[in-house]
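# A look at the structure
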Amino acid sequence: DLLERWPKTPEGEPVTPAFLTKCTQVDMEDRMLVGMLEAYNIPCLERYPHSGEFGKVVLGMSGYGTEIYVPETMLDDAKALMEAPDELNDYPEGEE
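Below, the structure is looked at part by part. (Residues numbered from 1 in each chain as written. Predicted model: local features only at pLDDT ≥ 70, side-chain atom pairs only at ≥ 80, totals over all residues. Heavy atoms only, no water.)

### Some words on the pattern of salt bridges
In plain terms, the rule: Throughout this description, the term salt bridge denotes a Lys or Arg side-chain nitrogen within 4 Å of a carboxyl oxygen of Asp or Glu. Runs of H or I in DSSP of at least four residues are treated as helices and runs of E of at least two as strands, each being numbered from the N terminus. Exposure is judged per residue with a 1.4 Å probe applied to protein chains only, and the accessible area is read against the type maximum: over 50% gives exposed, under 20% gives buried, and values in between give partly exposed.
Under the counting rule described, the total for this entry stands at four salt bridges. Here R31 ties to E46 by a salt bridge, and the two come within 2.7 Å at their closest N and O atoms. A residue pair is termed long-range when its members are at least 10 positions apart, and R31 in helix α2 (residues 29-39) and E46 in strand β2 (residues 45-47) qualify at 15 residues. E67 is paired through a salt bridge with R47; the nearest N and O atoms lie 2.6 Å apart. Linking E67 in strand β3 (residues 66-71) with R47 in strand β2, this pair joins segments that are 20 residues apart in sequence. Judged by relative accessible area, which is 13%, E67 ranks as buried. Taking relative accessible area as the criterion, R47 reaches 43% and is therefore assigned partly exposed. Residues joined in a network through salt bridges with shared partners are D1, R5 and E38.

So yeah, pure geometry; function would need other evidence.
So this is what it looks like as structure tokens:
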């Protein structure tokens, strides 16, 4: 499913994945980010560094966190989405 949604180059090859961020799994930060990206049609690849994949299978979470990758052609859009909530919390003076 991910390969079908991943954008292709003009030659028909998948676009190179680009590192977006590293998240913890303790507070479900990774799940929320992946959900937001997919809601905006930005496919993402999750990678569990070191032996994190083993922890993910056995414990349900990786102690090393999750690395999130997106297509390099969508990296700027993904970064903008990650920054958007901070901008929404900036209230004009006296309106908090």
